[in-house]
Structure formats: C-alpha cells, structure tokens
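# Fold and contact review
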Amino acid sequence: MKTIHVQAPGLLTTVQDLGRPGFGPIGVSPSGAADPISLRLGNRLVGNEESAAALEMTLLGGTFVFPQGAILALTGSDFDAALNDVRVNLGASLYVRPGQTLRLGSTSSGARCYVCVQGGIALKPFLGSASTHILSGLGGFDGRPLRKDDVLHIGRASKRFRKRTIAQQALENFSRRKVLRVTPGPQADWFSESSLGAFYAGTHRVAEQSNRMGVRLEGPAISRRGASDMITEGVSLGAIQVPAGGSPIILFVEQQTTGGYPKIANVISADLHRVGQLRPRDELRFEQVTFDQARALLVEQEKLLASRGLILE
C-alpha cells in the first residue's frame, strides 16, 4: 500500500472527507471539509469518488514525501506548492514519482488548501466518515491534526494517470466572494430594524479566534429587542447566532449541535464553501435572499458540478 510521510505538518493539517451528517440528535456535528466544493473538485481530478478522504491544510501548508509515488491534485487556496522545487498549479492532476517531496508554504489567497490523492486517504471510519473532529478528538488520524513523522496510507487505485484540469469558468463560479448570501434566521424578528440594518449594511471582519467550530465576526454590534432569554434549541450549519455582546458567530463544521443564542440569519448552502476560505482579518458583508432563491442557487451549483464541461481532459 502506498504511503505519505509527513516531514512537516503545517499549521493545522487534518484528514477530511464530506463529513458525517445526521448525527446531530446524539450531539455529533458533521465536521468534514471546511470547503467541500474544493474537496469534491480535487477528488474528481484524480478519479476518486467525490467523498474520498484528503488532507485539509489551514493558512500554512506542510511538507510530504511520497515514497511509492502517487497521483494527486491541489485545490482550494494557493499555498505556493512545489514538487521537488518545481511549481505545482492548482486545479490540475499531477503524477508524483516515487520519492518526490511536496512542499506547501503560506496561503496567498483564502484559508484552506486540499491535497487529494488517487485512492484517497485510507483510515478506519468513525460513524461512516474519515473526517477529523478536532474538538472531540474523534475520527481522522487518531482524532487529531497531523504531526511530524506521521505515516498515512493511501487507498488502492488501479486507474492510470490522466491529465485533468478544472475549467476556468467553473473556477470563477466557485471563487471567493466578499458578500455571503443568507436567509432570515428563526429569531430574526427578535432584532430591531436598526440592528437588522446594521447587520446587512455593515462590514464585518473575521476575528483571530475563529476556527472550524465557528467564525467570529467583529464590526457593528447587533443588539436584540428586550432582554428575554430563549430555550436552547438545535442549530444548523451556517447559522449566525448573536451572543449577548452583539458580535455575530457563523456556526461551522464542528459547531455545537444546540445553542441558546438567537439566530439572526443562516448562510445559504451554496455559499458554505466560501465560509471555509475566510481568513482572520478578512472583511465581508451579508445579503439577504429568499428561501426559494437559496434553493435555486444550490440547484444551479450542483448542475455545474455535475456538468461534463467541468473537468477538462
């Protein structure tokens, strides 16, 4: 079985797939890739199922040796990758000869880069997924980020190398946005018109304390009407809750499954992958859309992902 040797893990590198949805009632959030679109595209490039496990790096990449070689693709943000000191492009399949070394630096665009290898990362699944849930220490590689000298196994694959690239039009459609589209949250009417106006018209800045559990925002304080308490209830991926201090938090892939703060809005499914590319100090705004518009945008996105012209050979 082919392996990947970790020479340097980077800032935060974990094994992720498309997560384990459906276990919220028992307190387990889905985890999975913070930018699932990039993971799906990378797996398509190397001939895997879209859900195959890959490496997710955050802000600063690692150094990896492939003793038996591999077929891989890099997607997501540009981490200035090089294979034996030769520049590697994003969004294209690549043949790695035995013994070659892949080095990734710091990001020059978004927050996360994915290394997808043909055959996927071979790990024993937890609740049907190989994704690492960092806060609980479950799944992935011993439930933790990678460390120096870790050895990962690559799943078996019999397909020959084929040069594949992502169509430029698709890359433009999936590129980062400074405006995230949202639908009204279940407690939107708890907020005054002035607070809602500040939320939608104001510019929010991603705080340093953000992580895979939640993206904390700095900017105009959002206050709610009165001081009534709410009963803790289930929360969804992408919900934007507003604690007492008035600074919104976008609940993300390792979110708590219940919460007692009012939710002013919810990031639409078609934009969740863009949340995964937000870096500390990035600035963003919110745009309200209807539920019908949100559904139509997701359908349009999935049609593009399924189109024959998405991957060029």
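## Some words on helix α1 (residues 36–45)
- Counting buried positions over the ten residues of α1 gives eight, a clear majority of the element.
- All of the buried residues along α1 are Ile37, Ser38, Leu39, Arg40, Leu41, Gly42, Asn43 and Leu45.

## Some remarks on the pattern of salt bridges
- Evaluation of the coordinates by the stated rule reveals 18 salt bridges.
- For Glu302, the salt bridge identified is with Arg40, shortest N-O distance 2.9 Å. With Glu302 in helix α5 (residues 291–306) and Arg40 in helix α1, this residue pair connects regions lying 262 residues apart in the sequence.
- On the basis of relative accessibility, which here comes to 30%, the residue Glu302 falls in the partly exposed class.
- By sharing partners, the salt bridges in this structure join Arg40, Arg44, Glu50 and Glu302 into a single network.

## Quick word on the pairing of strand β3 (residues 54–58)
- Counting buried positions along β3 gives five out of five residues, so the element sits mostly inside the fold.
- When β3 meets strand β10 (residues 112–117), the two strands line up antiparallel, connected through four bridges. Note that in β10 the partner of Glu56 across the bridge is Tyr114.

## Considerations on the domain arrangement of the protein chain
- In terms of domains, the protein chain is made up of domain 1 (3–165) and domain 2 (179–308).
- Its C-alpha centre places domain 1 at a distance of 27 Å from the equivalent point of domain 2.
- Between domain 1 and domain 2, the residue contacts involve 32 residues of the former and 18 residues of the latter.
- Where domain 1 touches domain 2, the interface holds two salt bridges.
- On the surface where domain 1 and domain 2 come into contact, there are 16 residue pairs in polar contact (both at pLDDT 80 or more).
- Taken together, the elements giving at least two residues each to the side of domain 1 that touches domain 2 come down to α1 and β10.
- With six residues, the single largest contributor to the side of domain 1 that touches domain 2 is α1.

## Comments concerning the packing of aromatic side chains
- Tallied over the full model, the rule gives three aromatic pairs.
- Summarising the aromatic geometry, the rings of Phe199 and Tyr200 are spaced 4.9 Å apart at their centres and angled 85° between planes, so their arrangement reads as edge-to-face.
- Residue classification places Tyr200 among the buried residues on the basis of a relative accessible area of 15%.
- A centroid spacing of 4.6 Å and a plane angle of 10° characterise the contact between Phe199 and Phe286, whose relative ring orientation is stacked. A residue pair is termed long-range when its members are at least 10 positions apart, and Phe199 in helix α3 (residues 193–201) and Phe286 in strand β21 (residues 283–288) qualify at 87 residues. Judged on exposure class, the residue Phe199 and its partner Phe286 are both buried.
- The structure contains a cluster of three or more aromatic residues connected by ring pairs, namely Phe199, Tyr200 and Phe286.

## Regarding the sheet that holds strand β1 (residues 3–8)
- Overall, antiparallel pairing links the six strands, which are arranged β7-β6-β9-β4-β1-β11 in an open sheet. This sheet does not close on itself; its edge strands, each paired only once, are β7 (86–87) and β11 (151–153).
- Bridge analysis of β1 against strand β4 (residues 63–66) gives three bridges, and the strand direction is antiparallel. The partner of His5 across the bridge, within β4, is Val65.

Rules of the game
Residues numbered from 1 in each chain as written. Predicted model: local features only at pLDDT ≥ 70, side-chain atom pairs only at ≥ 80, totals over all residues. Heavy atoms only, no water. Buried < 20%, exposed > 50% of the residue type's maximum accessible area, 1.4 Å probe, protein only. Helix = DSSP H or I, 4+ residues; strand = E, 2+ residues; numbered from the N terminus. Salt bridge = Lys/Arg side-chain N within 4 Å of Asp/Glu carboxyl O. Pairing = 2+ DSSP bridges. Domains from an automatic or database assignment. Contact = heavy atoms within 4.5 Å. Polar contact = N/O pair within 3.5 Å; in protein donor to acceptor, adjacent residues only side chain to side chain. Phe/Tyr/Trp six-rings, centres within 6.5 Å; stacked < 30°, edge-to-face > 60°.

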